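# Geometric and topological summary
Residue strings, one per chain:
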Amino acid sequence: MSVEKFPNLHPAVITSFILEFKMVSYIENPIGLSINVVSLCLFLAPFLVLSMSSQKNKKTREIATVIVLFVTALCIYFWLSSVTRPPPLPPEEAPYCNPNLTPEERATDLLSRMTLEEKIGQMTLVDRQSVNSISDISTYYLGGLLSGGGSCPDPNVPQNWARMYNEFQRQAVEHTRLGIPIIYGIDAVHGHNNVYGAVILPHNIGMGATWNPELVEECAHITAIEVRATGIRWTFSPVTDVTRDDRWGRTYESFGEDPYLVKTMVMSAVKGYQGAGLSESDSVLATAKHYVGSGGTVGGKDQGDCRAPLRIIREQHLEPFVGVVNAGVGSIMASYCSINGQKIHGSKFFLTDVLRGGLGFQGLLVSDWEAIGQVDPSYREAVKKSIEAGIDMAMVPQSWRQFQETLKDLVNSGEIPISRIDEAVYRILVTKFRLGLFEEPYVDENLASVVGNAAHREIAKQAVCESIVLLKNNGILPLSKNVSTIYVAGPNADDIGNQCGGWTITWQGSSGSITRGTNARRTT
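Small disclaimer: the values here were computed from a predicted structure and weren't measured.

The number of helices and strands found in the protein chain is 18 helices and 11 strands. When the accessible surface of the protein chain is split by element, carbon and sulfur atoms take 56% of a total near 24,000 Å².

In structure tokens, the structure reads:
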């Protein structure tokens, strides 16, 4: 629009009209939009008078100009009010507050009430150590928190975990407009292994050696009980990778090299974690990871490239995920690795076409620790590709502010449709409703005493005994058949930390008396 097209108009009038039109086009709040549409109509009347007035009717033009400028100022006031004032609080009888409705019905209603900032907040998963202030939870509408390996309260005892969880949850439930609870996640991969005093179970490679799916289910169940006792509802387990190269440094996290064995064991683990229903007091949300191909990378390189025909990918690496989806696993974590050169986190083919279209997975798809940033050298492109590929919740433990700003800009620019955001947030909300978080967001801190109890340790002892593999000596070792005593020596013989291995208190574990328990030398 130019001044030349309307010679009778003062430039300020045309500028006001353009400003008013743009304000109307950018408003998302329905109330603010309605007010500005009405004011724009009021604006048009004197605008038409101005456009038709001749130079001789100078007084009419001056009056109309004043009216236009006044209406514009009024519109700016209402526009600022609409974009700065949060939407009104929902009524207590809002459908999403009704526990008698289905999780899907409640999620649909709640989603319709959310702003873009609240939606992006739900898609953000942050490590507790990266929250500068507890108010960040409510300020940025964070959807989830997690504890990475070693991210523990001080002192690291079960009661403190429960207390910390309640404090975080209270900030989300009682200090946000919609009161959406957070979901808290942790890598409880062989017991509630981040917590001092919790029962530490054999790693999956040992559990696979038991050939006992019922025992795997029982061990997952006692883990779920101990995790729930500290308030947490989400475990990043079971590891569903099939180890095809022992050089892979995370071989101990896998149940083995055979797809059928892994499939059998992870299905049992999912049943043990999730139990009769996610809202039950002895269940947690299970996560099958790492989808897909992590155990088959070239040279066993962690976060490497799994190069193989799709038939091999399907038969060796995808098969266990078919099992966990059929077992009803509630969440799946994408893998750091690539398949034939393409990062899984940016692959719509594997995350959407295969996982959702082919396998029928309907649950929550979460990214791995800062893995989104590996998809593309440009962080903006990395976020765009990952969300378009199908990631619902972004594990961005440290870069979460950058993630939120980037995703918001991508939506506002139209590069990511709001429909994709709504799809992701809907799955997150459905998961939270299924977990019963809206009805019971907090944990009784006295329940933490169940962590590490004697009954659970007896089950762990059975798992240790059944995981032992006895090799027959066919004359290879120079040992007499009459040997009655074996001397256990060396630095690892009496070190519980080394015997527990990785994912024990900290990510990689450490030496020494890092937790309570019995080591190998004391049992001989």
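A cluster of nonpolar side chains, contributed by Ile476, Leu477, Leu479, Val483, Ile486 and Val488, occupies part of the molecular surface with about 640 Å² of accessible area. Along the chain, leucine 477 turns up in the loop between α16 (454–467) and α17 (496–500).

It is the contact of helix α13 (residues 379–389) with helix α14 (residues 400–412), at a shortest axis distance of 10 Å, that shows an interaxial angle of 70 degrees. The angle between the axes of α13 and α14 places the two elements in the roughly perpendicular class. Between α13, through Tyr379, Arg380, Val383, Lys384 and Ile387, and α14, the contact on the second element is made entirely by Gln402, Phe403, Thr406, Leu407, Asp409 and Leu410. Residues of the contact of α13 with α14, tallied by class, amount to 6 nonpolar, 2 polar and 3 charged.

Turning next to the side chain of threonine 287. If you trace the backbone, threonine 287 turns up in strand β5 (residues 287–291). Looking at threonine 287, its side chain comes within polar contact range of the main-chain oxygen of threonine 235, at 2.9 Å. Among all residues touching threonine 287, those that are not within four sequence positions of it are Trp234, Thr235, Phe236, Ser237, Pro238, Val329, Ser331, Ile332, Met333 and Val366.

The subject of this paragraph is the pattern of salt bridges. The final tally for this structure, using the stated rule, is 26 salt bridges. Salt-bridge contacts for glutamate 439 lead to arginine 106; the nearest nitrogen and oxygen are separated by 2.8 Å. Residue glutamate 439 is found in the loop between α15 (418–434) and α16, and its partner arginine 106 is found in helix α4 (residues 103–112); the two are separated by 333 residues along the sequence. When its relative accessible area of 4% is taken as the criterion, arginine 106 is described as buried. For arginine 427, the salt bridge is made with aspartate 392, and the minimal N-O distance between the two is 2.9 Å. With arginine 427 in helix α15 and aspartate 392 in the loop between α13 and β11 (394–395), the pair connects residues that are 35 residues apart, well separated along the chain. Looking at arginine 427, the relative accessible area reads 14%, which means it is buried.

The next subject is the sheet that holds strand β9 (residues 342–343). On the basis of which strands lie adjacent, the open sheet formed by 3 strands has the order β6-β8-β9 and mixed pairing. The sheet is open, and its two borders are formed by β6 (305–306) and β9, each paired with just one other strand. Alignment of β6 against strand β8 (residues 338–339), held across 2 bridges, turns out to be parallel. When the bridges of β8 are listed, aspartate 305 appears paired with serine 338.

Take the nonpolar core next. Core analysis: the biggest nonpolar cluster contains 120 residues, and Tyr291, Ile332 and Leu407 have the highest contact counts within it. Considering every element that reaches this core, the biggest residue donor is helix α9 (residues 213–229), with 8 residues. Aside from chain neighbours lying at most four places away, what touches leucine 407 is Ile120, Met123, Val383, Ile387, Ile416 and Ile421.

A word on the environment of isoleucine 182. Following the sequence through the fold, isoleucine 182 ends up in the loop between α7 (158–174) and β3 (183–186). As a C-alpha pair, isoleucine 182 and tyrosine 165 span 17 residues in sequence and 9.7 Å in three-dimensional space.

Our focus in this paragraph is the packing of aromatic side chains. Within the structure shown, the criterion is met by 9 aromatic pairs. Aromatic side chains tyrosine 96 and phenylalanine 438 sit 6.4 Å apart centroid to centroid with 80 degrees between the ring planes, which places their arrangement in the edge-to-face category. Here phenylalanine 438 lies in the loop between α15 and α16 and tyrosine 96 lies in the loop between α3 (58–84) and α4, a separation of 342 residues in the sequence. Each member of the pair tyrosine 96 and phenylalanine 438 is classed as buried. With a centroid separation of 6.4 Å and an interplanar angle of 15 degrees, the aromatic rings of phenylalanine 168 and tyrosine 184 are classed as stacked.

Glancing now at the sheet that holds strand β7 (residues 331–334). Across the sheet, which stays open at both edges, the 3 strands sit in the order β5-β7-β10 with parallel pairing between neighbours. Two strands in the sheet have a free side with no partner beyond their single neighbour: β5 and β10 (364–366). When strand polarity is set aside, the average angle formed by the axes of neighbouring strands in this sheet is 25 degrees. Bridge count for β5 against β7 is 3 bridges, and the pairing is parallel. Bridge pairing in β7 links tyrosine 291 to alanine 334. Taken strand by strand, helix α11 (residues 310–326) contacts β5 and β7, and its axis lies near 160 degrees from that of β5.

Taking 1.5 Å per residue, 14 residues should reach 20 Å; α16 reaches 20 Å between its end C-alpha atoms and fits that length. All buried positions along α16 are accounted for by His456, Ile459, Ala460, Ala463 and Ser467. What you see down the axis of α16 is that its buried residues fit within an arc of 100 degrees, all on one side. Counted as exposed and oriented over 90 degrees from the buried face of α16: Ala454, Ala455, Glu458 and Lys461. As for α16, its buried residues are in contact with α8 (204–210) and α9.

A full pass over the atoms with the stated rule returns 4 cavities of 30 Å³ or more. Quantified by volume, the largest cavity comes out at close to 130 Å³. Taken together, 17 residues line the largest cavity, and the ones lying closest to its centre are Val189, Asn204, Cys219, Ala220 and Tyr273. Those elements that place two or more of their residues in the lining of the largest cavity are α8, α9 and α10 (259–274). When residues in the lining of the largest cavity are grouped by element, the largest group, 4 residues, is from α9. Tallied by class, the residues present in the lining of the largest cavity amount to 12 nonpolar, 5 polar and no charged.

At leucine 318, α11 is deflected by roughly 60 degrees, the largest bend along its length, and proline proline 320 occurs up to four residues later in sequence. Those residues of α11 that fall on the buried side of the exposure criterion are Ile312, Ile313, His317, Leu318, Glu319, Pro320, Phe321, Val322, Gly323, Val324 and Val325. Here the buried face of α11 lies against α10, β5, β6, β7, β8 and α12 (348–358). The first or second residue beyond α11 is glycine 328, which carries a positive phi of 90 degrees.

Rules behind the numbers
Residues numbered from 1 in each chain as written. Predicted model: local features only at pLDDT ≥ 70, side-chain atom pairs only at ≥ 80, totals over all residues. Heavy atoms only, no water. Helix = DSSP H or I, 4+ residues; strand = E, 2+ residues; numbered from the N terminus. Areas by Shrake-Rupley, 256 points an atom, 1.4 Å probe, with all protein chains shown as cover. Patch = residues over 30% accessible without salt bridge, like charges linked within 9 Å, V, L, I, M, F, W, Y side chains within 5 Å. Salt bridge = Lys/Arg side-chain N within 4 Å of Asp/Glu carboxyl O. Axes fitted to C-alpha atoms, helices over the stretch in contact; angles between N-to-C directions. Parallel < 35°, antiparallel > 145°, perpendicular 65-115°, else oblique. Contact = heavy atoms within 4.5 Å. Nonpolar A, V, L, I, M, F, W, Y, C, P; charged D, E, K, R; others polar. Polar contact = N/O pair within 3.5 Å; in protein donor to acceptor, adjacent residues only side chain to side chain. Buried < 20%, exposed > 50% of the residue type's maximum accessible area, 1.4 Å probe, protein only. Pairing = 2+ DSSP bridges. Core = buried A, V, L, I, M, F, W, Y, C linked by side-chain atoms within 4.5 Å. Phe/Tyr/Trp six-rings, centres within 6.5 Å; stacked < 30°, edge-to-face > 60°. Expected span 1.5 Å × (residues − 1). Arc of directions from axis to C-beta. 1 Å grid on protein atoms, 1.4 Å probe; cavity = no way out; pocket = protein on both sides within 12 Å on 5 of 7 lines; lining within 4 Å. Points joined across faces, edges and corners; volume = space filled by probe spheres on them. Bend = angle between axes of the 7 residues up to and from the residue.

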